[in-house]
Structure formats: structure tokens, C-alpha cells
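Coordinate analysis (summary)
Given next are the chains, with one letter for each unit.
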Amino acid sequence: MEQVHAYKKLAVYQKAEELTLSVYMLLRKYPIEERYALCDQIRRAVVSIPSNIAEGMSRYSNKEKIHFLEIAYGSLMEIECQLSISQKLNYISNIELKQLQNQIYEISRMLSGLRSSLQDDSATNSNL
């Protein structure tokens, strides 16, 4: 029987993985000259989001978990910036950008909520 790690059950992880796959598919449309420039930067940033969620949620302390969620959030904002630049360079359409921004916004809210719940847990446990 396959063991499923707890982070894989998190909706925010699943959404981040979906975003990663969407972005990878979109990058196939970029011009060849961007393959080792903007595309490489986008790939590294987008894969960092689910990776940091997984790593963070595998840590013991809430402080460490929160730290990795903050890194994931930073990568999410980096992706939003890079996709905006991509649209301005006409590598992606306004519609594609809007769809990805909707995913980014949803993940952003979910990361913030998870971070808040971890902070609340830490505060509750420290008052015991």
C-alpha cells in the first residue's frame, strides 16, 4: 500500500501542483531564445511553490513550517511578476495571464490561511 504524505492531502499543495503543471504547459509556447532565460527562471520559481509547501509541512515546528510557507509565497509572487512580463512581451495572452492570476490569487489566500492557522496553533500551545 502506498503511503501518502500529509502535505499531499493539503488543498494548497494540490493547487500549487496544478499551477506548476499549467505553467510548464504554457512555457512550450515561448520563443526558443527564452528557453534558458525567462523560461528557466519561471520553471525554477513555479516548482519552488509546491516544493516549499512539501518541505515546510514535513518540518516539526510551526516556526519552520511558516518559514517554508513564506518562501513558497515569495515564489508565488515571483511567478506573478514573471507572467506579467511575459504578457507584456506577447508570449502569453491576456486571457492566459488572467487564468493564471486567478490560480495565483487562490493559492495566495490558501497559503495565508495556513500560515495564520499555524501561528494560532503556536500561540495557543505557548500559552499552555
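Thoughts on the environment of V46
Structurally, V46 can be placed in helix α2 (residues 38-57). Overall, V46 belongs to the buried group, its relative accessible area being 0%. Setting aside chain neighbours within four positions, we find V46 in contact with L19, T20, V23, Y24 and I79.

Focus: the side chain of E34
Tracing the chain through its elements places E34 in the loop between α1 (11-27) and α2. Lacking a salt bridge, the buried E34 has R43 as its closest oppositely charged neighbour, with an N-O distance of 9.4 Å. Among all residues touching E34, those that are not within four sequence positions of it are C39, D40 and Y91.

Let's talk about the pattern of salt bridges
Scanning the entire structure with this criterion turns up six salt bridges. With a shortest N-O distance of 3.7 Å, K15 and E106 are connected by a salt bridge. Remark: E106 occurs in helix α4 (residues 94-126) and K15 occurs in helix α1; sequence separation between them is 91 residues. The exposure class assigned to K15 is partly exposed, which follows from its relative accessible area of 27%. The shortest N-O distance in the salt bridge between E70 and R115 comes to 2.3 Å. Here the residue E70 occupies a position in helix α3 (residues 62-88), and R115 occupies one in helix α4, the gap between them amounting to 45 residues. Judged by its relative accessible area of 36%, E70 falls in the partly exposed class. R115 gets classed as partly exposed once you look at its relative accessible area, which sits at 28%. It is possible to trace a salt-bridge network through shared partners that takes in E55, R59 and E64.

Quick notes on the packing of α1 against α2
Between α1 and α2, whose axes approach to 9 Å, the crossing angle comes to 165 degrees. Between α1 and α2, the angle falls in the class roughly antiparallel. Handedness of the α1/α2 crossing: left-handed. Across the interface between the two elements, V12, Y13, A16, E17, L19, T20, V23, Y24 and L27 from α1 touch C39, I42, R43, V46, V47, I49, P50, I53 and A54 from α2.

Brief notes about the packing of α2 against α3
Axis angle and axis distance: for two packed helices, these are the angle between their axes and the distance between the axes, and together they describe the pair. It is at 8 Å that the axes of α2 and α3 come closest, and there the two elements cross at 155 degrees. In terms of orientation, α2 lies roughly antiparallel with respect to α3. Crossing of α2 against α3: the hand is left-handed. Facing α2, whose interface residues are L38, Q41, I42, A45, V46, S48, I49, N52, I53, E55, G56 and M57, α3 presents K65, F68, L69, I71, A72, S75, L76, E78, I79, Q82 and S86.

Cut-offs and rules
- Residues numbered from 1 in each chain as written.
- Predicted model: local features only at pLDDT ≥ 70, side-chain atom pairs only at ≥ 80, totals over all residues.
- Heavy atoms only, no water.
- Helix = DSSP H or I, 4+ residues; strand = E, 2+ residues; numbered from the N terminus.
- Buried < 20%, exposed > 50% of the residue type's maximum accessible area, 1.4 Å probe, protein only.
- Contact = heavy atoms within 4.5 Å.
- Lys, Arg positive; Asp, Glu negative; His and termini not counted.
- Salt bridge = Lys/Arg side-chain N within 4 Å of Asp/Glu carboxyl O.
- Axes fitted to C-alpha atoms, helices over the stretch in contact; angles between N-to-C directions.
- Parallel < 35°, antiparallel > 145°, perpendicular 65-115°, else oblique.
- Left-handed = near helix turned anticlockwise from the far one by under 90°.

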